[in-house]
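Residues per chain are reported as follows:
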Amino acid sequence: MDEKFAVLRAGKNYHNGTHGHGYNTMSQALDDGAVVMAYGSFVNKVINFVGVGLALYALASIAELAAEDPIIKHTVKCKYCRKRINAKAKRCLNCTSWVDGREDRDENSQEGHVESH
Ligand SMILES: [Zn+2]
């Protein structure tokens, strides 16, 4: 994968090289003075980056099983202000609403109280 590349501008031996038409390896192309886009190297680095990320996430998940304080803070969206808050929170950090919706129930019961008068 590291050797994948596209020739943007061919060198002077592109058409009559020792290996026929074109280049077989990156070093051939670079020795000939060609301009190449080495996308194989980029794809390789992306795969490595994602791999390291997944490995660290797995390590953090394993450590979370043993530790009291979690490393990965799972979040949910507050249904009142749509901001992300901790999944274990009882009240929203941003709008101070009760996550279990007890204020909605209080409002409804108060309306019912007013109507009964
Ligand atoms: Zn909120």
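One UniProt comment on the protein chain, placed under Subcellular location (unreviewed entry), says "Membrane".

**Points about the overall build of the protein chain**
Helices and strands together make up the secondary structure of the protein chain, namely three helices and four strands. Along the chain direction, N to C, the helices and strands of the protein chain fall in the order β-α-β-α-β-β-α. Looking at the protein chain as a whole, 3% of its 117 residues qualify as buried. Expressed as a percentage of contacts within the protein chain between residues at least 6 apart in sequence, the contacts between residues at least 24 apart total 30%.

**Here's the deal with the environment of valine 36**
If you trace the backbone, valine 36 turns up in strand 2 (residues 35-37). Taking the C-alpha atoms as reference points, valine 36 and methionine 26, 10 residues apart in sequence, are found 8.2 Å from one another. Those residues in contact with valine 36 that sit more than four places away from it in its chain are Phe5, Ala6, Val7, Leu8, Met26 and Ala29.

**Here's the deal with unusual backbone geometry**
Trans is the common state for peptide bonds, and a negative phi is the common state for residues other than glycine. You will see that arginine 82, though not glycine, has its phi angle at about 65°, which is positive. Following the sequence through the fold, arginine 82 ends up in the loop between strand 3 (75-77) and strand 4 (84-86). In this structure arginine 82 comes out as exposed when scored by C-beta crowding, with 9 C-beta atoms within 10 Å. In this structure, threonine 96 is a non-glycine residue whose phi angle is positive, near 60°.

**Considering the environment of alanine 34**
In this structure, alanine 34 sits in the loop between helix 1 (26-31) and strand 2. Those residues within four positions of alanine 34 in sequence are excluded, and the remaining contacts are Val7, Arg9, Ala10, Gly11, Tyr14, Tyr23 and Ala29.

About the criteria used
- Throughout this document, residue positions are counted from 1 along each chain, in the order its sequence is written.
- In keeping with the model being predicted, local features are shown solely for residues with a pLDDT of at least 70 and side-chain atom pairs are shown and tallied solely at 80 or more, while totals for entire chains, interfaces and linings include all residues.
- UniProt positions are given in the numbering used here, feature names are shortened, and annotations may be inferred rather than shown by experiment.
- Secondary structure is summarised from DSSP: a helix means a run of H or I of at least four residues, a strand means a run of E of at least two, and numbering begins at the N terminus for each.
- The exposure label follows from counting other C-beta atoms within 10 Å of a residue's C-beta, where the C-beta atoms are placed from the backbone and the thresholds are 20 or more for buried and 12 or fewer for exposed, leaving partly exposed in between.
- C-beta atoms are placed from the backbone for every residue, and two residues are taken to be in contact when these atoms lie within 7 Å.

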